[in-house]
Amino acid sequence: MYICIAEDTQVKRLYPLNILTPTFSLYSGAFTISGRISNVLKPSKTYLIVRNYLKPVLPEQHIFNPDNIHKHSSIWIFSSNLVIEHSCKRLIYQYSGKDHAWFSNGDFCFASISKSTLKKLFKEILFNGINTNIFSSFPQTNSHYKLYRYSWDFISNNTEQIEQDFYLLKKRKIQINKRSFKNIHLINQKKILIENNTPLQPGVVLDASEGPIIIGKNVRIYPHSYIKGPAYIGDGC
């Protein structure tokens, strides 16, 4: 399966968060938007569409262009604002190779594009990006899927995303640092993930009684720190 994650007409609603970075590179929970889409869908290849001035920051092999795209039979395009759900996998099995688009209250969420239609729309997408008019002739579904429409949506969705990410990381058998910490207090330890090379100093309290705690690699937690879940601390913090 080949997918494309695309910035579309919704991009300016998130200013200033995404002025200097692609929208799909923003974090919510333990993953970026693109990282979560890739982790849920596990595509063979992911292509990206961004504003022109941000293209230099992307690896060449991931840019949506003729050399990369024309060799594929069909593709799925996802909005860079999408809050991905596992139910999308069921739709992919059902609609791959067909033309169909999903919207949420008039805003684009994602679409399946057949090989023949991709050839017709390619230049328009390449030069004009993604907008709702491109899919006007597609069968459409008004869906329940959520989008990051405004900056405060990242805050309101953060708890739910950390909960989902905890089970996703746990399912992947993330390596937990099992060394014996001295004078550390872990509340609801089964909801705490700590990766390797993350020393916890004496007096640290990790309280996961109200939500999971995910701590990445090479994180320093200093003495007498109190961390209450749901919380995510990324690698190297």
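Residues numbered from 1 in each chain as written. Predicted model: local features only at pLDDT ≥ 70, side-chain atom pairs only at ≥ 80, totals over all residues. Heavy atoms only, no water.

Here the focus is the overall build of the chain. Secondary structure assignment for the chain yields five helices and 14 strands. Seen along its three principal axes, the alpha-carbon backbone of the chain occupies a region of about 65 × 35 × 30 Å. Of the contacts made within the chain by residues no fewer than 6 positions apart, 55% connect residues no fewer than 24 positions apart. Within the structure as shown, the chain displays about 12200 Å² of accessible surface, and the carbon and sulfur contribution to it stands at 51%. Across the chain, 29 positive and 16 negative side-chain charges occur, with their mean positions spaced 7 Å apart. (Helix = DSSP H or I, 4+ residues; strand = E, 2+ residues; numbered from the N terminus. Contact = heavy atoms within 4.5 Å. Areas by Shrake-Rupley, 256 points an atom, 1.4 Å probe, with all protein chains shown as cover. Lys, Arg positive; Asp, Glu negative; His and termini not counted. Charge placed at Lys NZ, Arg CZ, Asp CG, Glu CD.)

Bringing the nonpolar core into the picture now. Counting 30 residues, the largest nonpolar core has Ile-37, Leu-41, Trp-76, Phe-78, Leu-82, Ile-84 and Phe-110 as the members making the most contacts within it. Breaking this core down by element, the ones donating at least two residues are β1 (2–6), α1 (33–41), β5 (75–79), α3 (88–95) and β7 (107–113). Excluding its chain neighbours within four sequence positions, the residues that come into contact with Ile-84 are Arg-36, Ile-37, Val-40, Leu-41 and Phe-78. With 18 residues, the next largest nonpolar core counts Cys-4, Tyr-47, Ile-130 and Ile-134 among its residues. (Core = buried A, V, L, I, M, F, W, Y, C linked by side-chain atoms within 4.5 Å. Buried < 20%, exposed > 50% of the residue type's maximum accessible area, 1.4 Å probe, protein only.)

Let us look at the sheet that holds strand β8 (residues 140–142). With respect to topology, six strands assemble into an open sheet ordered β4-β1-β5-β7-β6-β8, the strand pairing being mixed. At either end of the open sheet lies a strand with only one pairing partner, and these are β4 (45–49) and β8. Neighbour-to-neighbour, the strand axes of this sheet turn through a mean angle of 20 degrees, independent of strand direction. The sheet contact formed by strand β6 (residues 100–104) and β8 spans three bridges and is parallel. Paired with Phe-103 across the strands is Asn-142, a residue of β8. Helix-sheet contacts for α3 involve β5, β6 and β7, and the interaxial angle to β5 is about 150 degrees. (Pairing = 2+ DSSP bridges. Axes fitted to C-alpha atoms, helices over the stretch in contact; angles between N-to-C directions.)

Turning our eyes to something else, we now look at the confidence of the model for the chain. Per-residue pLDDT for the chain averages 87, and the proportion of residues at 70 or more is 91%. Mean pLDDT values for the elements of the chain range from 59 in helix α2 (residues 66–69) up to 96 in strand β13 (residues 226–228). (pLDDT = per-residue confidence, 0-100.)

Here we take up the packing of aromatic side chains. Evaluated as defined, the whole model comprises 13 aromatic pairs. Summarising the aromatic geometry, the rings of Trp-76 and Phe-110 are spaced 6.3 Å apart at their centres and angled 40 degrees between planes, so their arrangement reads as tilted. Pair noted here: Trp-76 is in strand β5 and Phe-110 is in strand β7, with a separation of 34 residues, a long-range link. The pair formed by Trp-76 and Phe-110 is uniform in burial state, with each residue classed as buried. Their ring planes at 10 degrees and their centres at 4.3 Å tell us that Tyr-148 and Phe-154 sit as a pair that is stacked. By relative accessible area, which is 9% here, Phe-154 ends up buried. Each residue in the set Trp-76, Phe-78, Tyr-95, Trp-102, Phe-110 and Tyr-145 is aromatic and connected to the rest through ring pairs, giving one cluster. The residue whose ring lies beneath Lys-98 is Tyr-95, and the NZ or CZ to ring-centre distance is 6.0 Å. (Phe/Tyr/Trp six-rings, centres within 6.5 Å; stacked < 30°, edge-to-face > 60°. Lys NZ or Arg CZ within 6 Å of the ring centre and 35° of its normal.)

Position of Asn-128 among the secondary structure elements: in helix α4 (residues 115–128). Taking the C-alpha atoms as reference points, Asn-128 and His-62, separated by 66 residues in sequence, lie 18 Å from one another.

The three strands lie next to each other as β9-β11-β13, forming an open sheet whose pairing is parallel. At either margin of the open sheet sits one strand with a lone partner, and together these are β9 (185–187) and β13. Between one strand and the next, the sheet's axes are offset by a mean angle of 5 degrees, whatever the strand orientation.

With that out of the way, let us pick up the pattern of salt bridges. This structure, assessed with the given rule, holds seven salt bridges. One salt bridge connects Arg-13 with Asp-107, and the closest N-O pair in it is separated by 3.0 Å. A residue pair is termed long-range when its members are at least 10 positions apart, and Arg-13 in the loop between β1 and β2 (27–28) and Asp-107 in strand β7 qualify at 94 residues. Here Asp-107 falls in the buried class, since its relative accessible area comes to 12%. Two residues, Glu-160 and Lys-146, come together in a salt bridge whose shortest N-O distance is 3.1 Å. In this pair, Glu-160 sits in helix α5 (residues 152–171) while Lys-146 sits in the loop between β8 and α5, placing the two residues 14 residues apart along the sequence. You can call Lys-146 partly exposed: its relative accessible area is 37%. (Salt bridge = Lys/Arg side-chain N within 4 Å of Asp/Glu carboxyl O.)

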